[in-house]
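Breakdown of the fold
What follows is the residue order along each chain.
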Amino acid sequence: MFPGFTEFNIAVSPTVTIYGLKAGTGPPLLLLHGFPQTHHIWHKIAPELISSFTVILMDLRGYGKSSKPPSSASEQHKSYSKSVMATDCTSLMTQLGFEKFSIVSHDRGARIAHKLCVDFPVRVERLMLLDIAPTLAMFEKTDQFFATAYWHWFFLIQSSPFPEKVLMASPSVFEERFFGGGYSGGTGYMSLEAKAEYMAQFTDQDGVHAMCEDYRAAAGIDLVEAREDREKGRKVTCPVRVLWGKTGVIEKSFDCLGEWRAVSEGSVTGEAVESGHYIAEQVPDVLLRHIKEFFVN
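Read on for an overview of the structure.

The rules we used
- Residues numbered from 1 in each chain as written.
- Predicted model: local features only at pLDDT ≥ 70, side-chain atom pairs only at ≥ 80, totals over all residues.
- Heavy atoms only, no water.
- Buried < 20%, exposed > 50% of the residue type's maximum accessible area, 1.4 Å probe, protein only.
- Helix = DSSP H or I, 4+ residues; strand = E, 2+ residues; numbered from the N terminus.
- Pairing = 2+ DSSP bridges.
- Axes fitted to C-alpha atoms, helices over the stretch in contact; angles between N-to-C directions.
- Contact = heavy atoms within 4.5 Å.
- Expected span 1.5 Å × (residues − 1).

1. What about the pairing of strand β7 (residues 240-245)?
Taken across its six residues, β7 has six buried, putting it largely inside the fold. As judged from the four bridges shared by strand β6 (residues 124-130) and β7, these two strands associate in the parallel manner. From the neighbouring strand, L130 faces β7, where its bridge partner is L243. Alignment of β7 against strand β8 (residues 268-273), held across six bridges, turns out to be parallel. Paired with V242 across the two strands is G270, which belongs to β8.

Here's what the structure looks like:
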């Protein structure tokens, strides 16, 4: 799925190794995936980017072939806080030889990218966010429609091991509900090979727990840190491009550009595109056009 890319396994801490792929020449571009996916979400666009960028694809901690460190409520799910996961990214890029880089990010990866830009503003030159509004705004403005559509947000944060046991006992039911329309905004866009990679994670007890911890952190420590950032006026400083799906939940529930402008100091541009949640897989040509326009031109 990724011709010309080479694999890496890089230790970003004593307990965490990040798996990923790298290829291309040009300015560094880090791509961050979401839930319940892996770097495979980028298979339709990454090969098209390597003539213009040095492309780095990574599996987030807790996902794919990257480490899945233990985490629990007793430590406030800190191991999967977006601040810690952002540090994984900066450590990885430093070890790859890039002190400055740009980011394309989706879903959970975009939440990590947001925190990375706040905590390490000098590291990121440009940021692209796909189909999210800021986490704090989404929780503070949750209504019945949003809670119903994003049911997984409120299921996955339940105390361990309830959601973990349900997911591992019935992965096919989850697959049909999560990828079969509704939340995703359509069907038929996802390759069988990519979906197999995503669903393989649900056979790994540590991986399922890690994914739940990602969401538990988002509903706890991440909100604490986001409120601290808001109180201290800490915002994204680099230029931002936001894309969201016209048929998705973000379009219906949030003023996406307005929310990102509220947490950014620099320019924020973007638009709704003819897609659901999985923009990189549903409309790769549209995404490629925006990447080349935003990062190259």
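Further notes follow.
2. Re the sheet that holds β8
With mixed pairing, the eight strands of this open sheet are ordered in space as β1-β2-β4-β3-β5-β6-β7-β8. With partners counted over all chains shown, the strands left at the sheet margins are β1 (6-13) and β8, one partner each. Neighbour to neighbour, the strand axes of the sheet diverge by 20 degrees on average, direction disregarded. Across the face of the sheet, helix α3 (residues 108-119) comes into contact with β3 (28-32), β5 (101-106) and β6 while running at roughly 145 degrees to β5. The strands touched by helix α15 (residues 284-296) within the sheet are β3, β5, β6, β7 and β8, with β6 carrying the most contacts at an inclination of about 160 degrees.

3. Re helix α11 (residues 221-232)
The terminal C-alpha atoms of α11 lie 17 Å apart, and with twelve residues this matches the ideal 16 Å at 1.5 Å per residue to within 8%. Buried within α11 we find I221, D222, L223, E225 and D229. Elements in contact with the buried residues of α11: α2 (82-95), α3, α4 (135-140) and α10 (205-218). Phi turns positive one or two residues past the end of α11, at G233, with a value near 70 degrees.

Keep in mind that these numbers describe shape and distance, not what the molecule does.
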